[in-house]
Amino acid sequence: AVIEPAFSWASDSFAGRTSVTMEAENGNVTRDLHAELQKSTEVTVAVAVIRTLTRAIERSTATTVMGLEKDLHASTEELKRSYPTAISVSAASELFLRFVTRTSALDVSDFGYLKQHLIDRGNRFAEISLAAKAKIAELGERFLHGGCVVMVLGCSSVMLNLLETAASKGKFFTVIVAESKPGTEGLRMYKALERANIQVTMILDAQVAHKLEEVDMVLTGAEAVVESGGIINKVGTYQMTLLAGVKGKPVYVAAESYKFARLYPLHQRDLSMATEKVEIGSSELVVRLNDYTPPDNITLLITDLGVLTPAAVSDQLIQLYQ
């Protein structure tokens, strides 16, 4: 059986929700992840994965370390099989395994203590991941100077939080939101910024090049940050950053470190992407929901590990997976 989509596509906090819900099979782990995603649109897919895998440890009936590790690996593999195009699921699953099992407690003889220790580490990883958004906002708001104009795409919660934080500190700026088709992310971002009393206008995706003349910077979120320092994000990101480069506008990416993925795409065709059917008049098109933006298009990445150049991402990945 297939779980029907409960959310439409958007970058970052909603990243991969369509592909996650569309591809999920009715296993215990996939059902748990689906339930986590339904609880709140503020929860990122990656944090939902972390909570789901922590619950898998709690539910395991294994009585040995080897048996518990086998159950945990089986749960992560189920998630990756069920959601092959949701890169944030794969990245979060792998980082969860590294964080939770990288502990000296694996050598203790008290299995009950060990299991509880792993559960505690899983909960701690979720807390660290949730705190990443605030750290990024703290670092990123410094890039917004008074009177600047920012162009954005999609409805990234980390990007929205950054803009709201800057506004709360008395900074005045204007945001231009691209409609971000297919989907309604642009409209959601527009309404969220309006509620935050941030000056905002909305444009058609076809107006991006035309409006870039008025812009001081481009800001985007990411579903995944790959080894090269490039990103996978809402379709249209590559186009916007490419045009920004032509116009000499800096491109900043706000992304949590748990979205760093051990992938090295060279072309759009190198990645398996989620798709959606879109009706245009009497025709029906199948379109990709995300695209790959190479590192050459990105000025800096604003992360909870600090402000990084694209070239520095590979070093951070090595440290994360050591």
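Rules used in this analysis
- Residues numbered from 1 in each chain as written.
- Predicted model: local features only at pLDDT ≥ 70, side-chain atom pairs only at ≥ 80, totals over all residues.
- Heavy atoms only, no water.
- Core = buried A, V, L, I, M, F, W, Y, C linked by side-chain atoms within 4.5 Å.
- Buried < 20%, exposed > 50% of the residue type's maximum accessible area, 1.4 Å probe, protein only.
- Helix = DSSP H or I, 4+ residues; strand = E, 2+ residues; numbered from the N terminus.
- Contact = heavy atoms within 4.5 Å.
- Polar contact = N/O pair within 3.5 Å; in protein donor to acceptor, adjacent residues only side chain to side chain.
- Pairing = 2+ DSSP bridges.
- Salt bridge = Lys/Arg side-chain N within 4 Å of Asp/Glu carboxyl O.
- Axes fitted to C-alpha atoms, helices over the stretch in contact; angles between N-to-C directions.
- Parallel < 35°, antiparallel > 145°, perpendicular 65-115°, else oblique.
- Left-handed = near helix turned anticlockwise from the far one by under 90°.

Asker: Which parts of the structure should I look at to understand the nonpolar core?
Answerer: Taken as a class, soluble globular proteins show a tendency for nonpolar side chains to be buried jointly. Core analysis: the largest hydrophobic core is formed by 32 residues, its most contacted members being Leu33, Val49, Ile57, Leu79, Val89 and Phe96. Those elements that provide at least two residues to this core are helix H2 (28-39), helix H3 (45-59), helix H4 (65-82), helix H5 (87-101) and helix H6 (111-140). Apart from residues lying up to four places away in sequence, Ile57 is in contact with Leu68, Leu72, Phe96, Val100, Lys115, Leu118 and Ile119. Core analysis: the next-biggest nonpolar cluster, separate from the first, contains 27 residues, Ile136, Leu162, Met189 and Leu300 among them.

Asker: Would you mind going over the environment of Leu301 with me for this structure?
Answerer: Along the chain, Leu301 turns up in strand S11 (residues 300-303). For Leu301, a relative accessible area of 0% puts it in the buried group. Between the C-alpha atoms of Leu301 and Thr220, which are 81 residues apart in sequence, the distance is 9.6 Å. Once residues within four sequence positions are removed from consideration, Leu301 is found in contact with Val225, Gly229, Ile231, Val253, Gly306, Val307, Leu308, Thr309, Pro310 and Val313.

Asker: I would appreciate a short explanation of the side chain of Asn297 in the present structure.
Answerer: On the secondary structure map, Asn297 appears in the loop between strand S10 (290-293) and S11. A polar contact is formed between the side chain of Asn297 and the side chain of Thr241, at a distance of 3.2 Å. When near neighbours in sequence (up to four residues on either side) are disregarded, Asn297 contacts Tyr238, Thr241, Leu242 and Val251.

Asker: I'm lost on the environment of Leu130 in this one. Help?
Answerer: Among the structural elements, Leu130 can be located in helix H6. A relative accessible area of 44% places Leu130 in the partly exposed class. Sequence separation between Leu130 and Thr44 is 86 residues; the distance between their C-alpha atoms is 8.8 Å. Those residues in contact with Leu130 that lie beyond four places of it in its chain are Val47 and Arg51.

Asker: I'm lost on the pairing of strand S9 (residues 283-288) in this one. Help?
Answerer: Residues in a regular strand point their side chains to alternate faces of the sheet. Relative to S9, strand S8 (residues 275-280) runs antiparallel, the two sharing 6 bridges. When the sheet's bridge partners are listed, Ile280 is paired in S9 with Ser283.

Asker: Is there a simple way to explain the pattern of salt bridges in this structure?
Answerer: Per the counting criterion, the structure on display carries 11 salt bridges. Linking Lys171 and Glu141 is a salt bridge whose minimum nitrogen-to-oxygen distance equals 2.9 Å. Residue Lys171 is found in the loop between helix H7 (157-168) and strand S2 (174-178), and its partner Glu141 is found in the loop between H6 and strand S1 (149-152); the two are separated by 30 residues along the sequence. For Glu256, the salt bridge goes to Lys259, with nearest N and O atoms at 3.1 Å. Per residue, the accessibility class of Glu256 equals that of Lys259, and both read buried. A cluster of three or more residues bridged by salt bridges with shared partners is formed by Glu36, Arg51 and Arg55.

Asker: In this structure, what is going on with the packing of H6 against H7? I would like to understand it.
Answerer: Helix-helix packing: each pair is described by the crossing angle between the helix axes and the interaxial distance. Interhelical geometry of H6 versus H7 gives an angle of 50° and a closest axis separation of 8 Å. The pairing of H6 with H7 is recorded here as oblique in orientation. By crossing handedness, the relation of H6 to H7 is classed as right-handed. Counted together, Lys133, Ala134, Ile136, Ala137 and Gly140 of H6 and Ser157, Val158, Asn161, Leu162 and Thr165 of H7 form the full contact between these two elements.

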